[in-house]
Amino acid sequence: MTLNVRQLYFEAVKVGDELPPLVKPPVDRLQIARYVGAAGDWNPLYIDEPHARASGFPSAFAPGTIGMGFLAELATDWTRGARLKRLQSRLVKFIWPGDVLTARGRVVERRFEAGDAYTMDLEVWAENQRGELVTRGLATYQLFYSADDETRQRAGQPPLHVTQAEEETRLARLSRAQPQRTPAVSRPLQPARPLAPPTPPPLAAVARVVQAARPASKPAGGARSAAGKPAAKPAARKPAPKKAPARKPARKAAPKKAPARKPARRPAPKKAPPRMPASKKRK
Amino acid sequence: MLDKSLIGRVSEPVLHEVEKGAIRRFAEALGDPNPLALDEAAARAAGYPGLVAPPTFALTLGWGERFRHSLDLGTRSMLHGEQSFEFGRPIVAGDRLTVRSKVADVQERSGASGPMDVIAIEDEGRDEQGVLVFRSRATFILRRG
């Protein structure tokens, strides 16, 4: 097995690049038991059904970190060869036995850091089969700029020095040689939201991170709902006023409900649920 | 309510020897087929001295039961709310990491089912040269009642 066949280089990464989704098999009770054992996380709520029920939960549930593990699997597979500097996640919703999680991700930032550290941030998240956001996170990687850069660094030489300006100049030259194309506009999934430490300090060098005092994390609830709302609201508002008057301006509530009920059974799964639903509290 | 004076409480340093079997079992439990975590030959071919742990394997090296018991958190339901890691380098089989844990924060928050306590634990793992390998921060929610 050759592992370096597929390498991800900084020069090939664009903000907005999406990772192919990773659909995991159902998280069944056997997997929960195996994971709890492997992780050494012996919270009785994960494995002791009577205890979970007595504590007010409908059943035992999976450790939230298993979803984070799926995000790491997705990101590690896509970024092969890159160095993971930081992985943050918020365990938003319970993972119940039998849940099918899909891990997704996209590049939200790409930056030239001091010391020729070529860095990118991936927004990663997992949804369950009901389209609910289960886990969301941010993964920060450092990459080789190019194959040339990797060769140099593996030979013990300093990294290739490329500035943002140099890259832009080179790209501009390349695009002039090509016929004009309208850039493919991909609908952003969701504006990036800061995680626990609102702005992670730039990871210029590990040493700096080690020394850096981390900002105290803010109350999750507040940050979450504040950032989640603006994304969700405009989307929900738009279609409503358009449709309502068109159908029957006389009544408001009745016509709205009637057509919604019929197709509810079928198109529900078809209709892509909002990819990043405004996350609230655990239910 | 949890005692705010827990903030700053630190654990004894705990030495963890990272075993390849533990890495393999962790990857298998996640269903992660990454050969670097399962196949030693593949890991060596990629330039690592042994199996490479999946990132969240660092959870297994976090605060131990002894430290947890010393904090006397009671028997309330404990929910893992947030988790983050920083890595100096990947964790590989054969690593001997010394991990220190500490209570980074204790807070009271109001939730749907009444007030909750939130405790943040930070772990730091260093190798035998004292170089930082990983740092972890976990937030747990303790329900009242």
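Everything below is about the structure printed above this text.
Residues numbered from 1 in each chain as written. Chains lettered and ligands numbered in written order. Predicted model: local features only at pLDDT ≥ 70, side-chain atom pairs only at ≥ 80, totals over all residues. Heavy atoms only, no water.

> Can you explain the overall build of chain B? Please cite residues and give values.
A count of helical and extended segments in chain B gives four helices and five strands. Tracing chain B from N to C terminus, the helices and strands come up as β-α-α-α-α-β-β-β-β. Looking at chain B alone, contacts between residues at least 24 apart form 67% of all its contacts between residues at least 6 apart. Here chain B has roughly 6,400 Å² of accessible surface; of this, 49% comes from carbon and sulfur atoms. (Helix = DSSP H or I, 4+ residues; strand = E, 2+ residues; numbered from the N terminus. Contact = heavy atoms within 4.5 Å. Areas by Shrake-Rupley, 256 points an atom, 1.4 Å probe, with all protein chains shown as cover.)

> Got a sec to walk through the sheet that holds strand β2 (residues 83-91) of chain A? Specific residues and values, please.
Reading across the sheet, the ten strands line up as β1(A)-β3(A)-β4(A)-β5(A)-β2(A)-β2(B)-β5(B)-β4(B)-β3(B)-β1(B) and stay open at both edges, with antiparallel pairing between neighbours. With partners counted over all chains shown, the strands left at the sheet margins are β1 (18-23) of chain A together with β1 (14-17) of chain B, one partner each. The mean inter-strand angle of the sheet, taken between neighbouring strand axes irrespective of direction, is 20°. As paired strands, β2(A) and strand β5 (residues 133-143) of chain A are joined by eight bridges and run antiparallel to one another. Its bridge partner being in β5(A), A:L87 is matched across the sheet by A:A139. (Pairing = 2+ DSSP bridges. Axes fitted to C-alpha atoms, helices over the stretch in contact; angles between N-to-C directions.)

> Summarise the interface of chain A and chain B; cite the residues concerned and give the values.
Contact residues are listed per partner, giving 45 residues for chain A and 40 residues for chain B. A buried area of about 3,800 Å², summed over both sides, lies between chain A and chain B, and 54% of it is on carbon and sulfur atoms. Summed over the shared surface of chain A and chain B, the result is three salt bridges. Here B:E86 and A:R86 are joined by a salt bridge, their closest N and O atoms 3.4 Å apart. The tally of links from chain A across to chain B stands at ten residue pairs in polar contact (both at pLDDT 80 or more). (Buried area = accessible area lost by both parts, 1.4 Å probe. Salt bridge = Lys/Arg side-chain N within 4 Å of Asp/Glu carboxyl O. Polar contact = N/O pair within 3.5 Å; in protein donor to acceptor, adjacent residues only side chain to side chain.)

> Can you break down the pairing of strand β5 (residues 132-143) of chain B residue by residue, with the values?
Looking along a regular strand, one sees side chains alternate from face to face of the sheet. All names here are of chain B. Across the twelve residues that make up β5, a large majority, eleven, are buried. Here strand β2 (residues 78-87) pairs with β5 via nine bridges, running antiparallel. Bridge pairing links Q83 to A138 in β5. As defined by bridge partners, strand β4 (residues 114-126) adjoins β5 across eleven bridges and the pair is classed as antiparallel. Bridged to I119 within β5 is F140. Hairpin connection between β4 and β5: a loop of five residues separates the two successive antiparallel strands, and G130 in this loop has a positive phi of roughly 85°. (Buried < 20%, exposed > 50% of the residue type's maximum accessible area, 1.4 Å probe, protein only.)

> Describe the pattern of salt bridges, naming the residues involved and giving the relevant values.
Scanning the entire structure with this criterion turns up 29 salt bridges over all chains. A:E132 is the salt-bridge partner of A:R130, the closest N and O atoms lying 3.2 Å from each other. In the salt-bridge network here, residues are joined through shared partners; they are A:R86, B:E86, B:E124, B:R126 and B:R135.

> Please provide a residue-by-residue account of the pairing of β2(B), values included.
Here β2(B) lies mainly inside the structure; ten of its ten residues are buried. Strand direction decides the pairing type here: β2(A) and β2(B), joined by five bridges, are antiparallel. In the strand pairing of β2(B), A:Q88 is matched with B:S84.

> Summarise the nonpolar core; cite the residues concerned and give the values.
Counting residues in each nonpolar core, the largest one holds 72 residues, and the members touching the most others are A:M120, A:L122, A:Y141 and B:I91. At eight residues, helix α4 (residues 65-78) of chain A tops the list of elements feeding residues into this core. Ignoring any residue separated from it by four or fewer positions in sequence, one finds A:L122 in contact with A:L19, A:A75, A:W78, A:T79, A:R106, A:V107, A:V108, A:G137, A:L138, A:A139 and A:Y141. (Core = buried A, V, L, I, M, F, W, Y, C linked by side-chain atoms within 4.5 Å.)

> Provide a residue-level description of the side chain of B:T56, including the pertinent values.
Position of B:T56 relative to the elements: it lies in the loop between α3 (40-45) and α4 (65-71). Residue classification places B:T56 among the buried positions, given a relative accessible area of 0%. Leave out the neighbours within four places in its chain, and B:T56 touches A:M68, A:G69, A:L87, B:F26, B:L30 and B:F85.

> Explain the side chain of B:D105 residue by residue, including any values.
All names here are of chain B. By the secondary structure assignment, D105 is in strand β3 (residues 96-111). An unpaired buried charge is present at D105: no salt bridge exists, and R137, the closest side chain of opposite charge, is 4.5 Å distant. Only 2.9 Å separates the side chain of D105 from the side chain of Q107, close enough to count as a polar contact. Discounting residues that sit within four places of it in the chain, D105 has contacts with I7, V118, I119, A120 and R137. (Lys, Arg positive; Asp, Glu negative; His and termini not counted.)

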